[in-house]
Amino acid sequence: MQNRSILAAAVIAALCACTDGGNTDVGVIACDKLLATNLDTTPTGPLTLSKSQLVAAAGAMPEYCRVEGTLNPVAGSSIKFATNIPTTNWNGRFLMLGNGGYAGGALANAGPDVAAGYATAVTDTGHTTANDATVFYNNREVEIDYGYRAVHLTAQISKQIIKRVGGKDPEYSYFNGCSTGGRQALMSAQRYPGDFDGIIGGAPAHQLTGLAVEQNWSLRQFQQNNFAGNIFGKVTLLANAVKAQCADTEGIISTPGTCNFDVASLQCAAGAADTTQCLTAAQVSAVKAVHGGPRSAIGVNWYPGKPVGSEASWAFWLVNDSTDPTKWSPAQGGFGFSFVGNLFFETDPVVSYKWTDFNFDFDPPKGQFMANILNATNPDLSGFKGRKGKLLMYHGTGDGLIGYQPTVEYFQEVQARLGESATDGFARLFLVPGMDHCDYFDRGGLQVADWLGPLVNWVEKGIAPDSIPGRSRTTNPIAFTRPVCPWPKTATYKGNGDRKDAANWSCQLALPLAAG
């Protein structure tokens, strides 16, 4: 009787597998015939497909299938996503791309990764308005989508779509993100270790609530007292002074934490006029506070400050035009002006709350509830390690938006939890000397052309990246190449040969190992 039941179940399953409808169908479906009913929405919740369209080849882009849809896992959640599957040159890999800032906005078009043969996916993380924090105001489900749910569910449904259109499961799944995408990368490794085989996390905003406190603090130093401490017109003076004291022949501060620059050396002489060649006492105080990071009146340090060596980027991120307060619109204000009123507190403050109302003595600890949703700080990556996943992290030491120090601190916590040797077997952190945030802007430091290739080699061939090729940015007056090393090692000149040639450098341990 039991054998008959098993046989009957097998026949029914076989018959269901041959049909073109229902969640049990596992056959290949033409791109323009794909329906939501062809997919198993048990793990994701209700699904609506708004587009399933074959896009013709054009230029370097091959023909690919573009699928767009919306997931509604719970009431109040609406996660839009897009999945792209090459039809002629799929390499068997899935690559999900991370977001920036508050995310949202239109779903990105298929890009060069699809041209390289990857099936890709993106999400708006649960809201359509681009980089607008007000969408989170008193909206817990959207906060959760942004925090962790949207990336996970998009990865799950995209793998199904790829299988139905591409004819097989992805052989390897990857994630690549920087900034908010870097936070999403670490969140995936921590919360959903089965989603990706290899993860790239650049300049991660992983301690997001702490970062919000720092960004509020650093903006306040240049804004308060009618911009008395703002160094508008003097950023180059400061940046050049730091480099003159601490940079090597190629203009690179190669070892983080070794530059003990004293900004007071730039203070105008007593009785001297304020010129572009010196800093006023108020400006010296402001720069010291920015470097020192947010503190309470009794000296509690809430988060590291801007790293020494990032000053060249401050004109864009922090300083901007302070000659006219109505024109003061530093790029960091995109987060700094809006985060604390919409995403920081468990219960959002009144609508009239201003960013300058944030109190550095009492308010920072009040972000713990939202930290549990937004922050990716859990050092226990044993689940990801156990799946033989590989994590490649990177951060520029010239990053003036998100300092690299918390990234180093997190990596140290992973080492302390799992052991240095075990961590080295699946996770590596690369600090890129002089590189600004996600290498969006040329500050004369090093840049890395390809992070994905080394990760793929590590995941698929077992070749761990002992160094990654770096090259100077074009604004650096000296063109050179140099290896970018896995922390805590730094590039060290061998003492012979052309300093501009990476072949004459090697990765060696150097102290101090932590950022300063």
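Undergrad: Hey, could you go over the sheet that holds strand β12 (residues 481-484) for me, with residue numbers and the actual values?
TA: Pairing between the strands of a sheet is mediated by backbone hydrogen bonds and can be parallel or antiparallel. Reading across the sheet, the 3 strands line up as β10-β11-β12 and stay open at both edges, with antiparallel pairing between neighbours. Either end of the sheet is taken by a strand with one partner, and the two such strands are β10 (446-447) and β12.

Undergrad: Residue-level account of the state of the cysteines, with values.
TA: Following the criterion strictly, the structure yields 5 disulfides and no others. Residue pairing for Cys246: its cysteine sulfur links by disulfide to Cys259, the two sulfurs lying 1.9 Å apart. Here the disulfide of Cys246 and Cys259 is right-handed, its torsion about the S-S bond being about 75 degrees. Of the two residues, Cys246 is situated in helix α6 (residues 235-246) and Cys259 in the loop between α6 and α7 (281-292); the sequence distance between them amounts to 13 residues. Just as Cys246 is buried, Cys259 falls in that class too. Bonded cysteines in the chain are paired 1-2, 3-8, 4-5, 6-7, 9-10 when counted in the order they occur along the chain.

Undergrad: Explain the packing of aromatic side chains residue by residue, including any values.
TA: Scanning the model with the defined rule gives 25 aromatic pairs in all. The interplanar angle of 75 degrees and the centroid separation of 5.8 Å between the aromatic rings of Trp317 and Phe441 together place this pair among those described as edge-to-face. Highlighted residues: Trp317 in helix α8 (residues 314-319) and Phe441 in the loop between β9 (427-432) and β10, separated in sequence by 124 residues. Overall, the relative accessible area of 7% leaves Trp317 in the buried class. With 5.6 Å between their ring centres and 55 degrees between their planes, Trp328 and Phe337 make a pair best called tilted. Here Phe337 falls in the partly exposed class, since its relative accessible area comes to 29%.

Undergrad: Describe in detail the packing of helix α3 (residues 140-166) against helix α4 (residues 180-191), supporting the description with residues and values.
TA: Two elements in contact, α3 and α4, have axes whose closest approach is 10 Å; the angle formed by their N-to-C orientations is 65 degrees. Regarding the angle of α3 to α4, the classification is roughly perpendicular. Read as a crossing pair, α3 and α4 show a hand that is right-handed. The segment α3 lies against α4, with Tyr146, Gly147, Tyr148 and Val151 engaging Thr180, Arg183, Gln184, Met187, Ser188 and Arg191. Across the contact of α3 with α4, the residue classes tally to 4 nonpolar, 4 polar and 2 charged.

Undergrad: Hey, could you go over the sheet that holds strand β1 (residues 47-55) for me, with residue numbers and the actual values?
TA: Sheet architecture is open: 9 strands sit in the order β1-β2-β3-β5-β4-β6-β7-β8-β9, paired in mixed fashion. Looking along the sheet, the strands with just one partner apiece sit at the ends: β1 and β9. Taken over all neighbouring pairs, the strand axes of this sheet differ in orientation by 15 degrees on average, direction set aside. Relative to strand β2 (residues 64-71), β1 runs antiparallel, the two being bridged by 8 bridges. Residue pairing for β2: Thr48 is matched across the bridge by Thr70.

Undergrad: Describe empty space enclosed by the protein, and please don't skip the residues or the numbers.
TA: Considering all chains together, one arrives at 2 cavities of 30 Å³ or more under this definition. The space that makes up the second largest cavity amounts to roughly 50 Å³. When contributions to the lining of the second largest cavity are tallied by element, the ones reaching two or more residues are α3 and α4. Here the lining of the second largest cavity takes 4 residues from α3, the largest share from any one element. Taken together, the residues that form the lining of the second largest cavity break down as 4 nonpolar, 4 polar and 1 charged.

What counts, and at which threshold
Residues numbered from 1 in each chain as written. Predicted model: local features only at pLDDT ≥ 70, side-chain atom pairs only at ≥ 80, totals over all residues. Heavy atoms only, no water. Pairing = 2+ DSSP bridges. Helix = DSSP H or I, 4+ residues; strand = E, 2+ residues; numbered from the N terminus. Disulfide = S-S within 2.5 Å. Buried < 20%, exposed > 50% of the residue type's maximum accessible area, 1.4 Å probe, protein only. Phe/Tyr/Trp six-rings, centres within 6.5 Å; stacked < 30°, edge-to-face > 60°. Axes fitted to C-alpha atoms, helices over the stretch in contact; angles between N-to-C directions. Parallel < 35°, antiparallel > 145°, perpendicular 65-115°, else oblique. Left-handed = near helix turned anticlockwise from the far one by under 90°. Contact = heavy atoms within 4.5 Å. Nonpolar A, V, L, I, M, F, W, Y, C, P; charged D, E, K, R; others polar. 1 Å grid on protein atoms, 1.4 Å probe; cavity = no way out; pocket = protein on both sides within 12 Å on 5 of 7 lines; lining within 4 Å. Points joined across faces, edges and corners; volume = space filled by probe spheres on them.

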